[in-house]
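Analysis of the macromolecular model
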Amino acid sequence: MVTTGGEGLRCLLYVEQDYSFDILRPLQKEARARGHTVRWFVTPGATHSILQDDEVRAATIAEAIEYGPDVVFVPGDRVPSFISGLKVGVFHGLDESKRGTPYPERGMFDLYCTEGPSRTADLEALARRRGYFRVRETGWLKLDTVLDAPADRKDHGRPQILYASTFTPRLSSAAALLSTVRSLSRRPEWQWLVTLHPLMAPGTVAAWQALESENVSYVPTEEAVEALHRADVMVSDNSSILQEFLLLKKPVVTYRNRDPKPHLIDIREPRHLESAIRRALSRPPELMAAIAAYGPSVTPWLDGASAGRVLDAAEETLSSGWKDRKPRNLVRNWKMRRQLG
């Protein structure tokens, strides 16, 4: 293990969106167990109050710089170069296939910790050409949170249907399915749980929150993992959260998914939503077999221990004599300086 002055590494957890907390907390736990120190830097766009009482924050960008991290872990696709340390990309979702485009590698990271063979192969090909970053396949950090969370064993008295949507309008079902869900939620047969991407348009969020009733509960981002375990079926579109639900071996109904495969029940018209949910609740054997086969095809790392592998990769990179060879990214760094004050 790498140490700094015999006192362990200084780790900075960099947060731009509320979903980052569940991704990074397994890393905090593992880092503390190894004797490293941990600080959080939460940018103005995220909710600072989600931090727990025992989590230490660098309150300003000046404090983050003064902390002098040895390594910075980032679930997004950008990080300021004016914060010191090895920059490690740990991703905010399992893959980028929902948009049909590869991950936007912008020259801001020294190390990428990938979830599975597909992204590993794509980034390793880029690494050979560009020469300034490394790639290690470790598994995805948030799965430590999802897979280690206790299963919901309560009897809720009726099926629990979780609606989750991405924020990109052309990929989202939020507008198309709103009236159908409103109609279905007037019946007491099912309990609806609704969670939306933090970047969803405020007007759309307000429209869905207006559905709240004895049959509909709105779930904030920081409680989404609990909702994943509580729900029996998910209704979604192209959101990456549906992959997390599938890895719990539970069925997903999608609206106009870009690449519908046998592990999904995909519909093209809102009027088919009710029958699709009923089919999902019946758990037909062919669907459940496809779901069981899906998980290992996305990531072989389903042991809930990815945080240890991510830290190993960072420690090994630092031990190997790492030197920063990234592009200067002057324009992006200038924009981040302005945004962060």
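Residues numbered from 1 in each chain as written. Predicted model: local features only at pLDDT ≥ 70, side-chain atom pairs only at ≥ 80, totals over all residues. Heavy atoms only, no water.

1. So, the pattern of salt bridges
Counted by the stated rule, this structure contains 21 salt bridges. In this structure, the salt-bridge partner of Glu-30 is Arg-34, at a minimum N-O distance of 2.9 Å. Note on Glu-30: relative accessible area 26%, which makes it partly exposed. Since its relative accessible area comes to 22%, Arg-34 is described here as partly exposed. With its nearest N and O atoms 3.0 Å apart, the salt bridge here joins Glu-315 to Arg-34. Taken together, the residues Glu-315 in helix α11 (residues 306–319) and Arg-34 in the loop between α1 (20–33) and β2 (37–42) connect sequence positions 281 residues apart. When salt bridges with common partners are traced through the structure, they connect Glu-30, Arg-34, Asp-312 and Glu-315 into a single cluster. (Salt bridge = Lys/Arg side-chain N within 4 Å of Asp/Glu carboxyl O. Buried < 20%, exposed > 50% of the residue type's maximum accessible area, 1.4 Å probe, protein only. Helix = DSSP H or I, 4+ residues; strand = E, 2+ residues; numbered from the N terminus.)

2. Comments concerning the confidence of the model for the protein
Considering every residue of the protein, the mean pLDDT works out to 93; 96% of them sit at 70 or more. Note on residues 1–5: pLDDT is under 50 here. Beyond four places in sequence and across chains, it has twelve contacts. (pLDDT = per-residue confidence, 0-100. Contact = heavy atoms within 4.5 Å.)

3. A closer look at unusual backbone geometry
The backbone of Lys-249 sits at a positive phi, close to 65 degrees, despite the residue not being glycine. Inspection of the secondary structure puts Lys-249 in the loop between α8 (241–247) and β11 (252–255). Of the residues examined, Lys-249 reaches a relative accessible area of 52% and is grouped as exposed. Unlike most non-glycine residues, Arg-256 shows phi in positive territory, near 50 degrees. Considering the arrangement of structural elements, one finds Arg-256 in the loop between β11 and β12 (265–267).

4. Some remarks on the nonpolar core
If you look at the biggest cluster of nonpolar residues, it comprises 109 residues, and the most contacted ones within it are Phe-73 and Trp-192. Look past the residues within four positions of Trp-192 in its chain and what remains in contact with it is Ile-161, Tyr-163, Val-181, Leu-184, Ser-185, Asn-215, Val-216, Ser-217, Val-235, Leu-273 and Ile-277. (Core = buried A, V, L, I, M, F, W, Y, C linked by side-chain atoms within 4.5 Å.)

5. Examining helix α12 (residues 330–340)
Taken as a whole, α12 has its buried residues at Asn-333, Met-336 and Leu-340. Down the axis of α12, the buried set is contained in an arc of 60 degrees. They therefore lie on one face. Across α12 from its buried face, at more than 90 degrees, point the exposed residues Leu-330, Val-331 and Arg-338. Taken together, the buried residues of α12 touch β1 (10–15), β2 and α2 (61–67). One or two steps after α12, the chain reaches Gly-341, where phi turns positive at roughly 70 degrees. (Arc of directions from axis to C-beta.)

6. Let's talk about the sheet that holds strand β9 (residues 216–218)
One open sheet accounts for six strands, arranged β9-β8-β7-β10-β11-β12; its pairing is parallel. Looking at the sheet topology across the chains shown, the edges are occupied by β9 and β12. Adjacent strand axes in the sheet meet at a mean angle of 20 degrees, parallel and antiparallel pairs treated alike. Against the sheet, helix α5 (residues 174–184) contacts β7 (160–165), β8 (191–196), β10 (233–236) and β11, and its axis sits at roughly 160 degrees relative to β7. (Pairing = 2+ DSSP bridges. Axes fitted to C-alpha atoms, helices over the stretch in contact; angles between N-to-C directions.)

7. Side note on the sheet that holds strand β5 (residues 111–114)
The strand order β2-β1-β3-β4-β5-β6 describes an open sheet built from six strands, whose pairing is parallel. Looking at strand neighbours, the two that pair on one side only are β2 and β6 (134–137), the edges of this open sheet. Across the sheet, the mean angle separating the axes of adjacent strands is 25 degrees when strand polarity is ignored. Relative to strand β4 (residues 86–89), strand β3 (residues 71–74) runs parallel, the two being bridged by four bridges. What sits directly across from Phe-73, in β4, is Val-88.

8. Let's talk about the packing of aromatic side chains
One pair of aromatic rings is described through two measures. These are the centre distance and the angle between the planes. As enumerated under the stated definition, the model contains eight aromatic pairs in all. Each ring, one from Tyr-112 and one from Phe-133, has its centre 5.1 Å from the other, and the planes form 85 degrees; the classification is edge-to-face. Here Tyr-112, found in strand β5, pairs with Phe-133, found in the loop between α3 (117–130) and β6; they are 21 residues apart in sequence, far enough to count as distant. Across this residue pair, the class does not change: Tyr-112 and Phe-133 are buried. (Phe/Tyr/Trp six-rings, centres within 6.5 Å; stacked < 30°, edge-to-face > 60°.)

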